[in-house]
Amino acid sequence: MMFSCEAGADKVSFELQQITSGPKHHLFGYVGHALTIPWNQSGRYIVSLRTDFSERMPTKGEAAEIVIIDTQKNFEVLVLDRTLAWNLQQGTMLYWNPKAPDTQFFFNDLDPQTGVVFTVLYDIEKRQRIREYRFGNESIANGGIAPGGEYFVGINYGKISRLREIISYAGASDSTLRGPANPDDDGVFKVNIASGKKELLVSYSKLAKFLKIDDSNYYPIYVHHTLWNRSSDRLIFIVRGAGKVNGRSKYPNVGCVIHADGSNLGRIQYSGHPEWYEGNQLVLPGESNFDLFDVDTKKVVGHIGEEGIFPTPGNDNAYSPDGKWYVCSHRPEKAKRHFIFFRFSDKAHFVSPILRGRVDRGVTRIDGAPRWNRTSDAILAGGIAEDGSRQLFILRILGAR
């Protein structure tokens, strides 16, 4: 499908192409924030998941296939492995290895005997797992790879799975279940990819005190949406909780930031899906554009887009790898989505063709989640095909750059 739109004297064309087909379903999973790119370095392969269903959550023992899609062979789908640690929103946290971005990627898996969640490093040339990151009986696995390639964030997927269904891994075990709700030895970890050693950056106990949560020994909180900035020296994450205790609502929904060495724990003014801009600046939704928020000074230092360009800036959005574009998803209707592209060079914006989605907003929803390619001229997005299956689509920017 070809689609053209104009901004002033300029004209941009879009090509929307469905690259996977049924009867099986295909998804990448996570939002394209902080350089989470589905394409490998050469651009030939797109890594994703293939599943037998997409309208219910997986149950214990149901696997998803880890696949690569060959863009040079008519989008042929090659099955490489399987995982038991996946869901329909975040997938299995697929990330190409920044130290070997053409041939290696990470994903999470789950031991079927113990329920322990761990992270896998896979090599597509060797067609095998070359390393597994396991930490005894702790379900600590990847929540985000640092763009520099030195570390990944380790978070307790057992605790997450116990507290929030939409991002859960069916059958995941939580070694902290019988202890304090927010222990001193669990929280946000930094895992050294080369050595495999983990370091606790901030504990759940410290987070509970920092956020002034009463009865924190009994009321569990969890961390997710862990994102490194492009310099790999700061990390943001969202802290949420389990709902109600003794009939009282105590649900925190707080954004936090911390330096890569565990110092300077602070709060941010947003707890959805924020994106990193340059350095220490976050992109946060404003009224009808985006604010640039300095996490050190806690001040808004700029904006992206004029008022009214982005009707729903709280929706999923992403900053292009080359720094020339910003994109945000928008639903003009419940089961339809398009993307608004903002070009920094001349502040022009362009609206893409419509991609079909789902009406439901539950645990099987399909988020907007634009994911850039490495050359910043296309995004990967999920949608519904004509046969009703969940598939992957590429939206290419053609014409003026």
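Parameters at a glance
- Residues numbered from 1 in each chain as written.
- Predicted model: local features only at pLDDT ≥ 70, side-chain atom pairs only at ≥ 80, totals over all residues.
- Heavy atoms only, no water.
- Buried < 20%, exposed > 50% of the residue type's maximum accessible area, 1.4 Å probe, protein only.
- Helix = DSSP H or I, 4+ residues; strand = E, 2+ residues; numbered from the N terminus.
- Pairing = 2+ DSSP bridges.
- Axes fitted to C-alpha atoms, helices over the stretch in contact; angles between N-to-C directions.
- Core = buried A, V, L, I, M, F, W, Y, C linked by side-chain atoms within 4.5 Å.
- Contact = heavy atoms within 4.5 Å.
- 1 Å grid on protein atoms, 1.4 Å probe; cavity = no way out; pocket = protein on both sides within 12 Å on 5 of 7 lines; lining within 4 Å.
- Points joined across faces, edges and corners; volume = space filled by probe spheres on them.

Some thoughts on the pairing of strand 9 (residues 117–123)
Part 1: The buried count for strand 9 comes to seven of seven residues, which makes it a mostly enclosed element.
Part 2: Here strand 9 shows no split at all, with Val-117, Thr-119, Leu-121 and Asp-123 on one side and Phe-118, Val-120 and Tyr-122 on the other all buried.
Part 3: Note: strand 8 (residues 104–110) against strand 9, seven bridges, orientation antiparallel. Within strand 9, the residue paired with Asn-108 across the bridge is Thr-119.
Part 4: Hairpin connection, strand 8 to strand 9: the antiparallel pair is bridged by six residues, and Gly-115 has positive phi, about 80°.
Part 5: The pairing of strand 9 with strand 10 (residues 128–133) spans five bridges and is antiparallel. What sits directly across from Thr-119, in strand 10, is Tyr-133.

Details of the sheet that holds strand 14 (residues 198–203)
Part 1: A sheet is described by the order of its strands in space; here four strands give the open sequence 11-12-13-14, paired in antiparallel fashion. Strands at the two margins of the open sheet, each flanked by one partner only, are strand 11 (140–145) and strand 14. This sheet shows a mean twist of 35° between the axes of neighbouring strands, independent of strand direction.
Part 2: Sheet topology places strand 13 (residues 187–192) next to strand 14; five bridges connect them, and they run antiparallel.

Remarks on the nonpolar core
Part 1: Core analysis: the biggest nonpolar cluster contains 59 residues, and Leu-207 and Phe-237 have the highest contact counts within it.
Part 2: When residues of this core are assigned to their parent elements, the largest contribution, five residues, is made by strand 15 (residues 221–228).
Part 3: Here Phe-237 is in contact with Val-188, Val-202, Leu-207, Val-223, His-224, His-225, Thr-226, Val-254, Gly-255, Cys-256, Ile-258 and Leu-265, once residues within four sequence places are set aside.

Overview of the environment of Val-257
Part 1: Within the secondary structure, Val-257 sits in strand 19 (residues 253–259).
Part 2: Sequence separation between Val-257 and Arg-234 is 23 residues; the distance between their C-alpha atoms is 7.1 Å.
Part 3: Filtering out sequence-adjacent residues up to four positions away, Val-257 remains in contact with Leu-235, Ile-236, Asn-264, Leu-265, Gly-266, Ile-268, Trp-276 and Val-295.

Notes on empty space enclosed by the protein
In this approach, a probe sized like a water molecule rolls over the atoms, and the result shows the empty space that is left.
Part 1: Taken as a whole, this structure holds three cavities of 30 Å³ or more when the rule is applied.
Part 2: Approximately 50 Å³ is the volume attributed to the largest cavity.
Part 3: As for the largest cavity, its lining consists of Tyr-30, Gln-90, Met-93, Gly-143, Ile-155, Tyr-157, Ile-160, Ile-167, His-224, His-225 and Thr-226.
Part 4: For the lining of the largest cavity, the elements supplying multiple residues, two or more each, are helix 1 (157–163) and strand 15.
Part 5: Counting residues per element, the lining of the largest cavity draws most heavily on strand 15, which supplies three residues.

Some thoughts on the sheet that holds strand 20 (residues 266–268)
Part 1: What the four strands build is an open sheet, ordered 15-16-19-20; its pairing is antiparallel. Among the strands making up the open sheet, the edge pair consists of strand 15 and strand 20. The sheet shows a mean angle of 35° between the axes of neighbouring strands, taken without regard to direction.

Observations concerning unusual backbone geometry
Part 1: With omega at 15°, the peptide bond leading from Gly-22 into Pro-23 counts as cis.
Part 2: Note that Pro-23 resides in the loop between strand 2 (10–18) and strand 3 (25–27).
Part 3: Here Phe-75, not a glycine, exhibits a phi torsion of approximately 60°, which is positive.
Part 4: With respect to the element layout, Phe-75 can be found in the loop between strand 5 (64–70) and strand 6 (76–83).
Part 5: Classification of Phe-75 by relative accessible area gives buried; the value is 12%.
Part 6: In this structure, Arg-127 is a non-glycine residue whose phi angle is positive, near 55°.
Part 7: If you trace the backbone, Arg-127 turns up in the loop between strand 9 and strand 10.
Part 8: Accessibility expressed as a relative area gives 46% for Arg-127, which makes it partly exposed.

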